[in-house]
Structures are given as C-alpha cells and as structure tokens.
Amino acid sequence: MKTEKVPHIVIVGAGFGGLLTAQKLAGAPVQITLIDRHNYHLFQPLLYQIAIAGLVPSQIAYPLRTIFRRQKNLTFRMGEVTSVDLKARYIRMNGSVIAYDTLVLAIGGQTNFLGLNTVEENSFQLKSIESATSTRNHLLKMFELASREVDPDKRKALLTFVVVGGGPTGVETAGALAELIAHVMTKDYPEMDLSESRVLLLEATGNVMTAYPDELRQSTMKLLESKGVEIFLNTKLTDYNGRRITVADGSQLDAYTLIWTAGVRSAELTDRLGVQQAASRRVRVEPTLQLPQHPEVFVIGDSAYLEDGQGQPLPMLATVAQQQAITAARNIRKILKGETPELFQYKDPGLLATIGRNAAVARIWGLSFSGLIAWLIWVVLHIYRLIGFRNRLVVLINWAWDYFFYDNQIRLITRE
Ligand SMILES: Cc1cc2nc3c(=O)[nH]c(=O)nc-3n(C[C@H](O)[C@H](O)[C@H](O)COP(=O)(O)OP(=O)(O)OC[C@H]3O[C@@H](n4cnc5c(N)ncnc54)[C@H](O)[C@@H]3O)c2cc1C
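Here the structure is a predicted model, which is why all the values come from computation and not from measurement.

As for the site of the ligand
For step 1, the next point in the chain: Taken together, 27 residues lie near the ligand, and G17, D36, Q44, V81 and D302 sit nearest.
For step 2, the next point in the chain: Between the ligand and the protein, one listed contact pairs a nitrogen atom with a side-chain N or O atom of E80 at 3.3 Å.
For step 3, the next point in the chain: Protein chains shield 91% of the accessible area of the ligand, which is 1000 Å² for the free molecule.
For step 4, the next point in the chain: Looking at the shell around the ligand, the elements that each hand over two or more residues are α1 (16–24) and α9 (318–336).
For step 5, the next point in the chain: Sorting elements by how many residues they give to the shell around the ligand places α9 first, with 3 residues.
For step 6, the next point in the chain: Of the residues that constitute the shell around the ligand, the class distribution is 12 nonpolar, 10 polar and 5 charged.

Here you go:
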C-alpha cells in the first residue's frame, strides 16, 4: 500500500508570529517542527517591567512545550538556526540539518545600535529576559552605590538615568523609572536626597512617539514631564563610555546608566539568507508573505519588509506579526489544496502606550484617549494578551499591589 508523505513545515521563531502560525496550523495535514533558541514564548511589550522591578521573567514568558502539549502535529526543538539553504531546502540547527517542504521564518528583530559601537558596549537594552534582568540589577545597584558615595558629583552621575529613543519603549521605560524613584526608592533610601536623581529621555527627531497623532504626542510629553522626566528633542547621542554621554552638538553629561531603545533591525539570520533586504535589514516579501523566487518560504513579523497601501513599511509590531501569522497559515493551507494564496492586508487596531500610573495614550477606532481611560485600556489589554491564566492572575495581583501600596516588589539585585 502506498502511504502519502505528509508535508513538513519548519517554523523558525516562536515569538508573536511563529507561535500563532503554529497554532493556526493545528489539525492541518502537515507535520510541524517549531524551533526557537529559547524554550519559552516571550511577551516583549512587558520587558520594561522586568527592568523597573515590577514583574519577574516567569510572569511574561511561557514554556513552549506546555503551550503545544496537545497539538499532535507539532514537535518543538530548542536550538539556534545558523543557516538556511534555500536551494536545497534545509536549515542548519546546532550542527544538525533539518529538511523542509515549507519554511516559515518568524525570527523577529534585534537591537540596532546604528553603528554606535561605544553605545553598544556600554549601554543597556530591553530585548530579552537576560538584558532586562541585567538592566534591573544595574539600576538597583546604582542606588546602593549612590547611598554610600560621598563625592556629590559622582553621586549625581550614579543617579542620572538616560533613556535614548522617544518611541513607545523609551517613553514607557522613562515614565516607569521616574515613578520607581518617586514612589519606591524614596521610601527605601530615606537617608538620600533623591531630588538629585534625574531621568532624561533623549530623542534625535523633533517628536516623541512619531507614529502617533500630534495631540497624543503632546499628551505624552505632558504626562512624562508631570512624572519628572526631562525630555530632550533633536538631541542625537554620539558616544557613551559608560560614564559620560556625548551628543551631536558636543555637550556632555555624566551618567552611569544609559538605556538604548532607539533602533531595531531584523534578526541576524536574515543577513545570511542571501536575499534582498530593505530598511532595517528586513527581508522583502511578496504581498502573499512569500519570498520572491521561493514560494515555499514565508517570512513574517519584524524580519519581513512589506509596505502598506500608502507605500509606508509596516511597523515592527506584535499586531503585524500576529496578523501575518494568520495569513501565512491560511496560505499554507490554500497551497496544499492547490488554491491561490491570498494577499496580506494589515488592519491597524490602533496605538497604545503607557507612561505610568493612571497615565497612557491610546488611539483606538479613530479616537484619541489619554490619562486614566487609556491607562485602564492598557492594563486590561496587556493582562488579556499574556499567555496562561496563572500569569494573568499573578500579574494582575502584582500590579494591584504596586498600585495601592506604591511598592514594586521585585527589588532584588542578583548576580549574573
Ligand atoms: C521592549 C519592547 C516593547 C515592545 N512593545 C510593543 C507593544 O507595546 N506593542 C506591539 O505591538 N509591539 C511591541 N513590541 C514589538 C513586538 O514585540 C515585536 O514586533 C514582535 O515581537 C515581533 O514578532 P515576531 O514574531 O516577528 O518576532 P519575535 O516575537 O521577536 O520572535 C522571534 C523569535 O525568534 C527566535 N529566533 C530569532 N533568531 C533565531 C535563530 N537564529 N534560531 C532560533 N530562534 C531564533 C527568538 O528567540 C524569538 O523567540 C515591543 C518590542 C520590545 C523589544
């Protein structure tokens, strides 16, 4: 008797795009191998909460083997994919070779330091659990060091926190950091005058939150300033040696902390594919999300470059990655049935960013909100989007505790 070969779908990356693609192929007549260098799915939008001691990593990450326990057509493999042979149709992972019939690359992005080597060497970033945890350790350590520092200039530098990049991540981090100092650290360090501390937000262009409408940019600036964040627009960082920042006009400031949130590019593996790349080194894809000349390869999420109807590149957002995952999974099913794949169309669900307690900005259904209403929408949405009931409950309790008692609980300095 002749047995039919089941198509092998290899999905690289179990972030927002890869995870949903795999889930949407549950029950399809395919065998899926899902690969990620981590054994968990990470909810990156809350990484800054790890850095400011608001949450612990296990509350925003979820084990992949648990998520896929019941999906019979899927095998998970933890490992680093180091190359893809597009002609021979296989990938290399930790020395072994895995052949595919269809490949989905959902490998996301990584921090782009825009060629500023000293910044890359000396700054902190928020892209992984490791980087967010080391940011937390460093931030907390600065208060300990400042508490025993007698030289006033050095103490000021220890308590000067510079966040670079006025996008949502920079804004959220700066706002949360200012609140951590104002509400928590002032209680923990009664012997110190924390009015000496500064949180600076540096933005190279003339606006924070460039993707947002003007009224929300203004609200963001007002809300940040009300929390004590000093905003410097048109200020381009050029150098950081770990102790002193230098900006384009030559002015300098002593600061022991710099958090870089000003650039993202597609993950490094895309450089080794030998295919056409666009801005931020993202891979150019067809409107069906297939790779030109390789219809058996789909690229989605942060690592894919596709323009919207107005010729603008789609943003590197979880919402884009998730919608593309749905289209990619649907197209894989269509191709299996001999049907024509559909074109991807992004439906913008709106914009949302928090600046701190009772303070957020949102653009939903064409309406702009700021302040408490936007903040409540942000809280509900982020709790809802976390994976696992336990995580949702624990995060909710944590935030409620912080809210009512002004007390971030995770103020531990751990060895790395
Ligand atoms: C701090 C921060 C805050 C953010 N806030 C928001 C927000 O509020 N709203 C929003 O919509 N978006 C936000 N984003 C952006 C959002 O997280 C990304 O757009 C989204 O994660 C992209 O999904 P993806 O599937 O393309 O990639 P990712 O979710 O990054 O997943 C990629 C996966 O691929 C794996 N991988 C990469 N290379 C390899 C390899 N060679 N081998 C094996 N595995 C590999 C990685 O481990 C990772 O798990 C934020 C991002 C950051 C960093």
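What follows continues from the structure just given.
What to know about the pattern of salt bridges
For step 1, the next point in the chain: Enumeration over the complete set of coordinates arrives at 15 salt bridges.
For step 2, the next point in the chain: For the salt bridge of E215 with R363, the shortest nitrogen-to-oxygen distance reads 3.5 Å. Linking E215 in helix α8 (residues 214–226) with R363 in strand β24 (residues 359–364), this pair joins segments that are 148 residues apart in sequence.
For step 3, the next point in the chain: R265 is paired through a salt bridge with D271; the nearest N and O atoms lie 3.0 Å apart.

Thoughts on a nonpolar patch on the surface
For step 1, the next point in the chain: Taken together, the side chains of F389, L393 and I397 define a hydrophobic patch exposed on the protein surface, amounting to about 330 Å² of accessible area.
For step 2, the next point in the chain: Summarising the element assignment, I397 is placed in helix α11 (residues 389–405).
For step 3, the next point in the chain: On the basis of relative accessibility, which here comes to 52%, the residue I397 falls in the exposed class.

With respect to the packing of helix α10 (residues 372–385) against α11
For step 1, the next point in the chain: Where α10 contacts α11, the axes come no closer than 9 Å and their chain directions differ by 150 degrees. By the angle between their axes, α10 is roughly antiparallel relative to α11. On the side of α10, the interface is formed by W375, W378, V379, H382, I383 and Y384, while α11 contributes R392, V395, L396, W399 and Y403.
For step 2, the next point in the chain: Looking at side-chain class alone, the contact of α10 with α11 contains 9 nonpolar, 1 polar and 1 charged residues.

As for the sheet that holds strand β2 (residues 31–36)
For step 1, the next point in the chain: Strand order in the open sheet formed by 6 strands is β5-β2-β1-β9-β21-β20, with mixed pairing between adjacent strands. Pairing within the sheet leaves two strands with one partner each, and these edge strands are β5 (74–78) and β20 (290–291).
For step 2, the next point in the chain: The pairing of strand β1 (residues 8–12) with β2 spans 5 bridges and is parallel. Bridge assignment links H8 to a residue of β2, and that residue is Q31.
For step 3, the next point in the chain: Helix-sheet contacts for α9 involve β1, β9 (102–105), β20 and β21 (294–299), and the interaxial angle to β21 is about 160 degrees.

A short note on empty space enclosed by the protein
For step 1, the next point in the chain: Summed over the entire model, instances satisfying the criterion amount to 2 cavities of 30 Å³ or more.
For step 2, the next point in the chain: Around the largest cavity sit 23 residues that line it, and Q49, E179, G356, R357 and D402 are the ones nearest its centre.
For step 3, the next point in the chain: When contributions to the lining of the largest cavity are tallied by element, the ones reaching two or more residues are α2 (47–51), α7 (168–188), β23 (351–356), α10 and α11.
For step 4, the next point in the chain: Of the residues forming the lining of the largest cavity, the biggest block, 6 residues, is contributed by α7.

Re α10
For step 1, the next point in the chain: Its 14 residues place the ends of α10 20 Å apart at the C-alpha level, agreeing with the 20 Å of an ideal helix rising 1.5 Å per residue.
For step 2, the next point in the chain: Residues A374, W375, W378, V379, H382 and I383 constitute the buried set of α10. Considered in projection along α10, the buried side chains sweep an arc of 160 degrees and stay on one side of the axis. In α10, the exposed positions angled more than 90 degrees off the buried face are occupied by I373, V380 and Y384.

Cut-offs and rules
Residues numbered from 1 in each chain as written. Predicted model: local features only at pLDDT ≥ 70, side-chain atom pairs only at ≥ 80, totals over all residues. Heavy atoms only, no water. Near = heavy atom within 4 Å. Polar contact = N/O pair within 3.5 Å; in protein donor to acceptor, adjacent residues only side chain to side chain. Areas by Shrake-Rupley, 256 points an atom, 1.4 Å probe, with all protein chains shown as cover. Helix = DSSP H or I, 4+ residues; strand = E, 2+ residues; numbered from the N terminus. Nonpolar A, V, L, I, M, F, W, Y, C, P; charged D, E, K, R; others polar. Salt bridge = Lys/Arg side-chain N within 4 Å of Asp/Glu carboxyl O. Patch = residues over 30% accessible without salt bridge, like charges linked within 9 Å, V, L, I, M, F, W, Y side chains within 5 Å. Buried < 20%, exposed > 50% of the residue type's maximum accessible area, 1.4 Å probe, protein only. Axes fitted to C-alpha atoms, helices over the stretch in contact; angles between N-to-C directions. Parallel < 35°, antiparallel > 145°, perpendicular 65-115°, else oblique. Contact = heavy atoms within 4.5 Å. Pairing = 2+ DSSP bridges. 1 Å grid on protein atoms, 1.4 Å probe; cavity = no way out; pocket = protein on both sides within 12 Å on 5 of 7 lines; lining within 4 Å. Points joined across faces, edges and corners; volume = space filled by probe spheres on them. Expected span 1.5 Å × (residues − 1). Arc of directions from axis to C-beta.

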